[in-house]
Amino acid sequence: MEQRWTNARIATMAGDELGLIDDGVVAAKDGRIVYAGPATGAPTTAAKAHDCEGRLITPGLIDCHTHLVHGGNRANEWAMRLEGASYEEIARAGGGILSTMRATREASEEELVESALPRLDALIAEGVTTIEIKSGYGLSTDDELKMLRAARALGGHRAIRVEPTFLGAHAIPPEYKGKSDTYIDLVVCEMIPAAAPLASAVDAFCEGIGFSPAQCTRVIESAQAHGLAVKLHAEQLSALHGSALAARHGALSADHLEHATDEDVRAMAEAGTVAVLLPGAYYFMRETKLPPVDAMRRHGTRIALATDNNPGTSPTTSLLLMLNMGATLFGLTVVEALRGVTVNAAAALGLGQEVGTLEAGKACDLAIWNVSDPAELVYRIGFNPLHQRIKDGQ
Ligand code: DI6
Ligand code: FE
């Protein structure tokens with residue numbers, strides 16, 4: 001089936017900027033883009049033209065870092081934090097991730113799907129067509145697999161591309177308290193082999209309250225032995241140089257990075273490892289250490305932005321708000337922010353050949369906006385100008 005979207009300003013994201021074309025056409029056949037460019041060069045076809053009336057078309061948005069599937073919420077702990085308790089104190093007292101672990105273990109796969117759907121619908125309403133969803137709140141083989149199945153099931157409930165990531169090395173479950181190496185044995189020897197058919201990538205929390213670089217190395221090596229891509233939560237609260245470790249292993253991305261050093265960022269640039277910035281967690285945790293965006297620019301490290309939707313540090317379902325926060329809090333330009341939720345987010349998921357730009361051969365995933373200036377997508381705070389979302393041409 002052939003489709004055309006005409007009379008539009010298209011931001012292809014091809015090249016190094018926005019790839020803006022003022023009077024542009026996107027043409028698709030059977031859900032794949034066959035042309036994205038000036039109207040003057042558009043192929044003639046009998047396909048029905050959708051007149052976009054001068055609206056802006058971008059690639060469908062990509063949320064490349066979420067913990068969207070999880071049980072319960074942590075509003076109570078947030079209230080404790082507002083009264084002075086720290087995230088680490090709550091975690092060490094058995095709250096934090098372990099609090100969500102208990103709620104997630106109690107939930108059935110169907111309940112996890114049902115509780116995630118409203119969060120997913122909020123992202124879809126803002127033009128998201130691809131989403132990464134991590135496990136990491138089960139912390140047992142069965143419960144981690146339950147989470148990955150729930151993540152995949154969401155792709156059957158909505159027209160959205162789901163990329164599941166196994167994050168068993170997210171926290172040490174109570175039954176392994178004080179035995180983190182033994183838990184990593186379980187992750188490496190049992191969980192990853194079982195998760196491999198259900199996941200696209202493996203992630204780990206490289207942090208003092210998480211796992212050491214040595215433990216993360218074991219997880220990374222097991223992931224690669226099972227043909228899985230690698231991502232890493234790194235330099236969120238301290239500088240353990242997990243991001244350089246990730247880069248040395250050819251990871252798709254290292255994520256958070258507030259404490260990343262110039263050396264970490266250079267290693268990421270050289271390896272092509274994408275820096276995924278998570279302003280929602282920075283904001284919600286009231287962090288003060290900014291990620292080294294200037295060093296990333298200097299070294300040419302690709303930058304992505306994501307919601308990090310999770311009940312503990314970033315309970316947001318607005319990728320548009322992350323655009324504004326990436327600019328306002330982290331100093332990203334309009335071009336950097338928009339590329340961060342399209343072409344660079346696709347790279348962070350290893351989907352650079354499939355989505356993230358409007359180019360022939362890619363999936364026809366479009367977001368059509370009631371704006372003409374791309375800057376308006378970054379400028380507004382809490383406003384959604386989406387006119388229409390197209391997934392695989394539909
Ligand atoms: N860093 C984060 O910000 C989330 N996980 C991680 O490794 C927080 C997860 C949670 O607090 O539930
Ligand atoms: Fe995260």
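In the block above lies the structure referred to throughout.
Not measured: the values here are computed from a predicted model.

K.L.:
Mind showing me how you'd approach the pattern of salt bridges here?
P.N.:
Side-chain pairing between opposite charges can occur once the charged atoms of the two side chains come close. For the structure shown, the criterion picks out 24 salt bridges. Taking the shortest distance from any N to any O, the salt bridge between Asp365 and Arg161 comes out at 2.7 Å. Note that Asp365 is positioned in the loop between α14 (343-348) and β14 (366-369) and Arg161 in strand β8 (residues 161-169), a separation of 204 residues in sequence. Take Asp365 and Arg161: they sit in the same class, and that class is buried. Taken together, the salt bridges that share partners define one network made up of Arg32, Arg161, Glu354, Asp365, Lys391 and Asp392.

K.L.:
Whenever I open this one, the sheet that holds strand β12 (residues 274-277) confuses me. Can you help?
P.N.:
The strands that make up a sheet pair up through hydrogen bonds in the backbone, lying either parallel or antiparallel. Across the sheet, which stays open at both edges, the 8 strands sit in the order β6-β7-β8-β9-β10-β11-β12-β13 with parallel pairing between neighbours. Among the strands making up the open sheet, the edge pair consists of β6 (61-63) and β13 (303-305). Across this sheet, the average inter-strand angle for adjacent strands is 25°, counted without regard to direction. Pairing of strand β11 (residues 253-256) with β12, which is carried by 3 bridges, proceeds in the parallel orientation. Bridging across to β12, Asp255 finds its partner in Val276.

K.L.:
What exactly am I supposed to notice about the site of ligand 1 here?
P.N.:
Around ligand 1 there are 13 residues in total, and Arg74, Tyr87, Tyr137, His170 and Thr313 lie nearest to it. Residue Tyr137 places a side-chain N or O atom 2.6 Å away from an oxygen atom belonging to ligand 1. Separating a nitrogen atom of ligand 1 from a side-chain N or O atom of Gln236 is a distance of 2.9 Å. Burial of ligand 1 by the protein chains amounts to 100% of its free accessible area of 320 Å².

K.L.:
Any chance you could explain the environment of Ala91 here in plain terms?
P.N.:
Inspection of the secondary structure puts Ala91 in helix α2 (residues 87-92). Sequence separation of Ala91 and Thr261 is 170 residues, and the distance between their C-alpha atoms is 26 Å.

K.L.:
Would you mind showing me how to read the coordination of the iron ion (ligand 2) here?
P.N.:
In a perfect tetrahedron of four donors around a metal, the angles come out at 109.5 degrees. In a perfect octahedron of six, they are 90 or 180 degrees. For the iron ion (ligand 2), the full set of protein donor atoms is His65 (NE2), His67 (NE2), His233 (NE2) and Asp308 (OD), at a range of 2.1 to 2.3 Å. All donor residues of the iron ion (ligand 2) come from one chain, and their arrangement in sequence is H-x1-H-x165-H-x74-D. Here His65 is found in the loop between β6 and α1 (75-82), whereas its partner His233 is found in strand β10 (residues 229-234), with 168 residues between them in sequence. A single burial state applies to His65 and to His233, both of which are buried.

K.L.:
Sorry if this is basic, but what is going on with the packing of helix α5 (residues 141-157) against helix α6 (residues 180-195) here?
P.N.:
A pair of packed helices is captured by two measures, namely the crossing angle of their axes and the spacing between those axes. Running from amino to carboxyl end, α5 crosses α6 at an angle of 35°, the nearest separation of the two axes being 10 Å. Where α5 crosses over α6, the two elements pack in a sense that is right-handed. Together, Thr141, Glu144, Leu145 and Leu148 of α5 and Leu186, Glu190, Met191, Ala194 and Ala195 of α6 make up the contact between the two elements. Its residues assigned to classes, the contact of α5 with α6 shows 6 nonpolar, 1 polar and 2 charged.

K.L.:
Please clarify how unusual backbone geometry should be interpreted in this entry.
P.N.:
The backbone of Met13 sits at a positive phi, close to 65°, despite the residue not being glycine. The topology assignment puts Met13 in the loop between β1 (2-11) and β2 (20-29). Judged by relative accessible area, Met13 falls into the buried class, the value being 1%. If you check the backbone angles, Asp308 has positive phi at about 55° while not being a glycine.

Scoring rules and cut-offs
- Residues numbered from 1 in each chain as written.
- Chains lettered and ligands numbered in written order.
- Predicted model: local features only at pLDDT ≥ 70, side-chain atom pairs only at ≥ 80, totals over all residues.
- Heavy atoms only, no water.
- Salt bridge = Lys/Arg side-chain N within 4 Å of Asp/Glu carboxyl O.
- Helix = DSSP H or I, 4+ residues; strand = E, 2+ residues; numbered from the N terminus.
- Buried < 20%, exposed > 50% of the residue type's maximum accessible area, 1.4 Å probe, protein only.
- Pairing = 2+ DSSP bridges.
- Axes fitted to C-alpha atoms, helices over the stretch in contact; angles between N-to-C directions.
- Near = heavy atom within 4 Å.
- Polar contact = N/O pair within 3.5 Å; in protein donor to acceptor, adjacent residues only side chain to side chain.
- Areas by Shrake-Rupley, 256 points an atom, 1.4 Å probe, with all protein chains shown as cover.
- Donors = N, O, S within 2.8 Å, 3.2 Å for Na, K, Ca; no water.
- Left-handed = near helix turned anticlockwise from the far one by under 90°.
- Contact = heavy atoms within 4.5 Å.
- Nonpolar A, V, L, I, M, F, W, Y, C, P; charged D, E, K, R; others polar.

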